[in-house]
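Commentary on secondary and tertiary structure
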Amino acid sequence: MADKITSDKVIRAFLDASFMRSEGNTSLADIADILHIKKASLYNHFESRDDIVEKTLESCSDYLAAINFIPGDIASVANKYPADTVLKGIISRYVKMHEKSPLFQIYTFVESMKYFNRRATEIIAEENKKLIEQTEKTLIELAKVGKISLSEDKIRPAAKWFVAGINDLLSNYLMARKQVVMANPQSGDGELFQLEPDEKGIEKINLLVEEFCRML
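Residues numbered from 1 in each chain as written. Predicted model: local features only at pLDDT ≥ 70, side-chain atom pairs only at ≥ 80, totals over all residues. Heavy atoms only, no water.

**Some words on the pattern of salt bridges**
Counted by the stated rule, this structure contains 13 salt bridges. With a closest N to O distance of 2.7 Å, Lys88 and Glu210 form a salt bridge. Of the two residues, Lys88 is situated in helix 5 (residues 83-99) and Glu210 in helix 9 (residues 199-215); the sequence distance between them amounts to 122 residues. Among the residues examined, Lys88 registers a relative accessible area of 22% and is labelled partly exposed. The class for Glu210 is partly exposed, based on a relative accessible area of 28%. Here Arg177 makes a salt bridge to Glu99, at a shortest N to O gap of 3.0 Å. Of the two residues, Arg177 sits in helix 8 (residues 152-183) while Glu99 sits in helix 5, which places them 78 residues apart along the sequence. Through salt bridges that share partners, Glu58, Arg119, Glu122 and Glu126 make up one connected network. (Salt bridge = Lys/Arg side-chain N within 4 Å of Asp/Glu carboxyl O. Helix = DSSP H or I, 4+ residues; strand = E, 2+ residues; numbered from the N terminus. Buried < 20%, exposed > 50% of the residue type's maximum accessible area, 1.4 Å probe, protein only.)

**Side note on the layout of surface pockets**
A volume near 350 Å³ is recorded for the largest pocket. What lines the largest pocket is a set of 18 residues, and nearest its centre among them are Thr108, Phe109, Glu111, Ser112 and Lys178. Broken down by secondary-structure element, the contributors of at least two residues to the lining of the largest pocket are helix 1 (7-21), helix 6 (103-113) and helix 8. By residue number, the principal contributor to the lining of the largest pocket is helix 6, which donates 7 residues. (1 Å grid on protein atoms, 1.4 Å probe; cavity = no way out; pocket = protein on both sides within 12 Å on 5 of 7 lines; lining within 4 Å. Points joined across faces, edges and corners; volume = space filled by probe spheres on them.)

**Observations concerning the environment of Ser27**
Within the secondary structure layout, Ser27 lies in the loop between helix 1 and helix 2 (28-35). For the pair formed by Ser27 and Phe14, sequence separation is 13 residues and the distance between their alpha carbons is 8.8 Å.

**Quick notes on the packing of helix 5 against helix 7 (residues 118-144)**
Helix 7 packs onto helix 5 with a crossing angle of 155° between their chain directions and a minimal axis gap of 11 Å. One way to sum up the angle between helix 5 and helix 7 is to call them roughly antiparallel. For the element pair helix 5 and helix 7, the recorded crossing hand is right-handed. Where helix 5 approaches helix 7, its residues Ala83, Val86, Leu87, Ile90 and Tyr94 are matched on the opposing element by Glu127, Leu131, Thr138 and Leu142. In the contact of helix 5 with helix 7, the residues fall into 7 nonpolar, 1 polar and 1 charged. (Axes fitted to C-alpha atoms, helices over the stretch in contact; angles between N-to-C directions. Parallel < 35°, antiparallel > 145°, perpendicular 65-115°, else oblique. Left-handed = near helix turned anticlockwise from the far one by under 90°. Contact = heavy atoms within 4.5 Å. Nonpolar A, V, L, I, M, F, W, Y, C, P; charged D, E, K, R; others polar.)

**Looking at the nonpolar core**
Membership of the largest hydrophobic core comes to 38 residues, with the highest contact counts inside it found for Ile91 and Leu139. The biggest single contributor to this core is helix 8, with 11 residues. Residues within four places of Leu139 in sequence aside, it is in contact with Ile148, Leu150, Ile155, Ala158, Ala159, Phe212 and Leu216. Membership of the second largest hydrophobic core comes to 26 residues, among which are Ile11, Phe46, Cys60 and Ile106. (Core = buried A, V, L, I, M, F, W, Y, C linked by side-chain atoms within 4.5 Å.)

Structure (structure tokens):
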């Protein structure tokens, strides 16, 4: 079995264990138990537990960097739909992505470490910058087709305000979802989140979008 274990599988096991126990309470033995190997076998792939943490953070960074907040055809979408429909659609897609494995574990892992690990803080800053830039691009496209009235110098501040609100609501939404998931553990890879959506959480997000659009 040990020869089939890869670094990626170790990282995934570490994320899964950290999701349920927290990073600080996850031991090498916990990771080995998930993989059904001896703890010593982990050293075939990583030098130490610290090395696993470091490589896991880099894996999280790569995964997050590959995710786009907005669709590639945002200009066409902005031209076709009202501003609130466009923004609600973007956010709904973003939230749904975060409800699924492995993004939920990744989000939880990085968020839980941001106060203790410099790299985790950098990853969050990188993700926030991307969200602001892509929100800014969306607002520019909506303004071009007259869906919103926002001068060029107001677009970036508006994007920052909007992203701050979404980040706060997403954090609260996923925190509540994690408690539900932990109380209703599911079996099977990638099947952790086959639960009914939190309609109240979604409603709060939609209300933020509507309030934001009224300001534009």
